[in-house]
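# Architecture at a glance
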Amino acid sequence: MTEPSAASTAHLAALGPFCAFETHAAGSEPSPPWRPLSEAAQEGSGVLRERVASVRASLAANSGRPPEAVAPRVAASVAHLGLVARVISPVLGLAALHGLPSRPLTLGDLWWGSALGGAFRLSLPREAVTPVAGGDTRTAGAIAADMLDGPVRALVDAFAPFSVSRRILWGNVASAVNGAATGITAAAPGLEQPARAVALAFLRQPQLRDTHTLDTHNGRFTRRSCCLIYQAAPNAAGAVCGDCVLVRGRSGRGQDGRGGRGRR
């Protein structure tokens, strides 16, 4: 096994901040400011409640209102979308570039710096993202199945108690997958084919199969649910994302189809 090259890491970072990551030795203990992402899924830890509360306050502040003006489930859905987008994007980028990660990841493998606003710092196990000399790369389908059954499902389960339906949560995951492929393609047009192929491998998994539609003529992605962010605005009059089921007849933002990737 060889260390991931600086050029490879830089290439991932060049695909956008959501694809960038740092590395750590598998099995090592994080030290501040790093924290295990698995803490967000631990019942009773309070980490997730604190993050949802922070997102709620931020959403309310956008319209000069107190946090109580935004429903907790709206803030939870937006927080969930931000977390899964950050977790999925580097994996999709790695798979499009190298056919990695080379082994399944768990939520406990991931370290984070839990700042709000965009792409928080993320660290992946070095052994999972390092090419093995002469080794076989894993298929996109295997990577997708492992991610959705592992860290992504753990985050869905963790957010469900916030009264957000699993239909919305899995819709958030599908939106994050499509958003990652769209962002990678915008940053590196030459990677469009592999990025879309990996995204399709995710979207064809049982958990995501009924969460979206793909136009066979133009490839346009539309989710079959809504992340609820429009409800954070006064009188629930906010704009909807470009991939939202509600986009028709609305004056939305994100009309490039990336949806809500990158919000929180």
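Predicted model, so just to flag it, every value in this text is computed and none were measured. (Residues numbered from 1 in each chain as written. Predicted model: local features only at pLDDT ≥ 70, side-chain atom pairs only at ≥ 80, totals over all residues. Heavy atoms only, no water.)

### Thoughts on the pattern of salt bridges
For side chains bearing opposite charge, pairing can occur when the charged atoms are close. This model, assessed by the stated rule, comprises six salt bridges. The residue R138 makes a salt bridge to D146 at a minimum N-O spacing of 2.0 Å. By relative accessible area, D146 is classed as partly exposed at 26%. (Salt bridge = Lys/Arg side-chain N within 4 Å of Asp/Glu carboxyl O. Buried < 20%, exposed > 50% of the residue type's maximum accessible area, 1.4 Å probe, protein only.)

### What to know about helix α3 (residues 72–98)
The end-to-end C-alpha distance of α3, which contains 27 residues, comes to 39 Å, matching closely the 39 Å that a straight helix rising 1.5 Å per residue would cover. In terms of burial, α3 is largely enclosed, as 23 of its 27 residues are buried. Phi turns positive, to about 75°, at G99, one or two residues after α3. (Helix = DSSP H or I, 4+ residues; strand = E, 2+ residues; numbered from the N terminus. Expected span 1.5 Å × (residues − 1).)

### Remarks on the nonpolar core
Core analysis: the biggest nonpolar cluster contains 75 residues, and F159, V173 and L208 have the highest contact counts within it. Elements with a contribution of two residues or more to this core: α2 (47–61), α3, β4 (122–125), α4 (140–159), α5 (166–187) and α6 (192–203). Top element by residues in this core is α3. It accounts for 16 residues. Among all residues touching F159, those that are not within four sequence positions of it are L48, V52, A76, A79, H80, L83, V164 and L169. C226, Y230, C244 and V247 belong to the second largest nonpolar core, which has five residues in total. (Core = buried A, V, L, I, M, F, W, Y, C linked by side-chain atoms within 4.5 Å. Contact = heavy atoms within 4.5 Å.)

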